Amino acid sequence: MSWHLSSWYLLLVLLVGLERVAELVVARRNARWSMARGGVLSGQGHYPWMVALHTGLLAGCLFEAGLADRPFVPALGWPMLVLVVAAQGLRWWCITTLGPQWNTQVIVVPGLPPVERGPYRLRWLRHPNYVAVAVEGAALPLVHTAWVTALVFTVLNAALMVVRIRCEEDALASLATTAPLATPPPATEAAGAAPPKDVPPSTAPPSTVPPEDVPPTDVPPSTGRAPA
């Protein structure tokens with residue numbers, strides 16, 4: 001079986017692979033940011049399968065198109081190439097919108113509200129990044145008519161997304177239960193002690209410590225300026 005593959009398609013697949021590496025770099029940096037703020041990691045069981053699936057996508061594009069001698073059909077290839085580029089644009093729009101809260105893994109920071117701007121302001125599109133994944137996963141192989149890779153990826157990705165989205169929805173729902181109180185109680189109540197009921201603040205007894213027992217201090221009177 002001979003190898004026939006367009007050099008420009010090989011370059012395209014390699015560029016998508018480099019984009020995946022860039023995602024991992026950003027994800028690791030964001031993971032450190034989240035964990036430093038008490039982030040909670042979920043979905044570790046399905047994550048290795050996601051990595052394997054996306055790696056298999058790139059390999060399948062090259063091997064099917066090259067070994068099976070899939071032709072480039074302009075009527076199909078050019079529209080699919082446009083979809084690949086559009087999917088990349090949507091993916092990085094999601095990444096930049098979420099900022100340090102974006103990750104390839106499911107990590108939520110308690111107390112941070114869900115992001116509702118950029119593509120996430122669309123109520124009917126809760127997971128735009130996964131739309132980009134699905135579109136790219138089908139379009140990239142079809143640029144060079146690698147229809148088997150496109151079909152296998154689409155089916156496996158759909159099954160994996162059922163697990164992933166359920167995990168992410170549960171993690172997002174946990175934000176509502178871990179968010180801090182908007183109006184914290186007084187310090188005495190928060191510490192478990194009941195506030196005084198019979199002595200108003202204005203009638204609190206004066207200090208019984210004699211003036212000569214107060215330790216001296218070298219701090220000068222306040223000048224109204226903050227320390228440097």
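This structure is a prediction, so every number in the text was calculated from the model and none was measured.

Student: Which parts of the structure should I look at to understand helix α2 (residues 47–67)?
Tutor: Residue pairs three or four apart in sequence face the same way in an α-helix, which turns once every 3.6 residues. Here α2 is 21 residues long and its end C-alpha atoms lie 30 Å apart, about the 30 Å a rise of 1.5 Å per residue gives. Here α2 has its buried residues at Y47, M50, L53, H54, L57, L58, G60, C61, L62, E64, A65 and G66. Positive backbone phi, approximately 55°, marks D69, located one or two places after α2.

Student: Mind showing me how you'd approach the environment of A27 here?
Tutor: By secondary structure assignment, the location of A27 is in helix α1 (residues 7–35). C-alpha separation for the pair A27 and W102, spaced 75 residues apart in sequence, amounts to 7.0 Å. Beyond its immediate stretch of four places on either side in the chain, A27 contacts W102, N103 and T104.

Student: Would you mind going over the packing of α1 against helix α3 (residues 74–98) with me for this structure?
Tutor: If you want to describe how two helices pack, look at the angle between their axes and the distance between the axes. Where α1 meets α3, the axes come as close as 13 Å, and the angle between the chain directions of the two elements is 10°. If you check the angle between α1 and α3, you find them roughly parallel. For the pair formed by α1 and α3, the contact residues are L12, V16, E19, R20, A22, E23 and V26 on the first element and L81, Q88, R91, W92 and I95 on the second. Tallied by class, the residues present in the contact of α1 with α3 amount to seven nonpolar, one polar and four charged.

Student: Is there a simple way to think about the confidence of the model for the protein chain in this case?
Tutor: Any segment with low pLDDT has predicted coordinates that should not be analysed in fine detail. Of all residues in the protein chain, 75% attain a pLDDT of 70 or more, and the chain-wide mean is 82. In this model, residues 179–228 is a region of pLDDT below 50 whose contacts with residues beyond four sequence positions or in other chains number eight contacts.

Student: Could you clarify how one ought to interpret the pattern of salt bridges in this entry?
Tutor: Tallied over the full model, the rule gives eight salt bridges. Between E136 and R20 there is a salt bridge, with the nearest N and O atoms lying 2.4 Å from each other. Taken as a pair, E136 in helix α4 (residues 128–142) and R20 in helix α1 lie far apart in primary sequence, 116 residues in all. Look at E136 and you get buried, because its relative accessible area is 0%. A salt bridge links R164 to E168, with the nearest nitrogen and oxygen atoms 4.0 Å apart. Residue R164 and its partner E168 are both found in helix α5 (residues 147–178); the two are separated by four residues, about one turn of the helix. E168 sits in the buried class, given a relative accessible area of 19%. A single network of salt bridges, built from pairs that share partners, joins E19, R20, E23, R91 and E136.

Student: Before we go on, may I ask you to explain the layout of surface pockets in this structure?
Tutor: Rolling a probe over the atoms, with the probe sized like a water molecule, indicates the empty space that remains. Put simply, the largest pocket is a space of about 630 Å³. Lining the largest pocket are 28 residues, and of these L98, V115, Y120, E168 and L172 sit closest to its centre. Sorting elements by how many residues they give to the lining of the largest pocket places α5 first, with five residues. Grouping the constituent residues of the lining of the largest pocket by class yields 17 nonpolar, six polar and five charged. In this structure, the second largest pocket encloses a volume near 350 Å³. In terms of lining residues, the second largest pocket is bounded by 18 residues, among which R20, E23, M50, H54 and T104 are the most central. Counting only elements with at least two residues in the lining of the second largest pocket, the list comes to α1, α2, α4 and α5. At six residues, the largest contribution of residues to the lining of the second largest pocket is made by α2. For the lining of the second largest pocket, the class distribution of residues is nine nonpolar, five polar and four charged.

The rules we used
- Residues numbered from 1 in each chain as written.
- Predicted model: local features only at pLDDT ≥ 70, side-chain atom pairs only at ≥ 80, totals over all residues.
- Heavy atoms only, no water.
- Helix = DSSP H or I, 4+ residues; strand = E, 2+ residues; numbered from the N terminus.
- Expected span 1.5 Å × (residues − 1).
- Buried < 20%, exposed > 50% of the residue type's maximum accessible area, 1.4 Å probe, protein only.
- Contact = heavy atoms within 4.5 Å.
- Axes fitted to C-alpha atoms, helices over the stretch in contact; angles between N-to-C directions.
- Parallel < 35°, antiparallel > 145°, perpendicular 65-115°, else oblique.
- Nonpolar A, V, L, I, M, F, W, Y, C, P; charged D, E, K, R; others polar.
- pLDDT = per-residue confidence, 0-100.
- Salt bridge = Lys/Arg side-chain N within 4 Å of Asp/Glu carboxyl O.
- 1 Å grid on protein atoms, 1.4 Å probe; cavity = no way out; pocket = protein on both sides within 12 Å on 5 of 7 lines; lining within 4 Å.
- Points joined across faces, edges and corners; volume = space filled by probe spheres on them.

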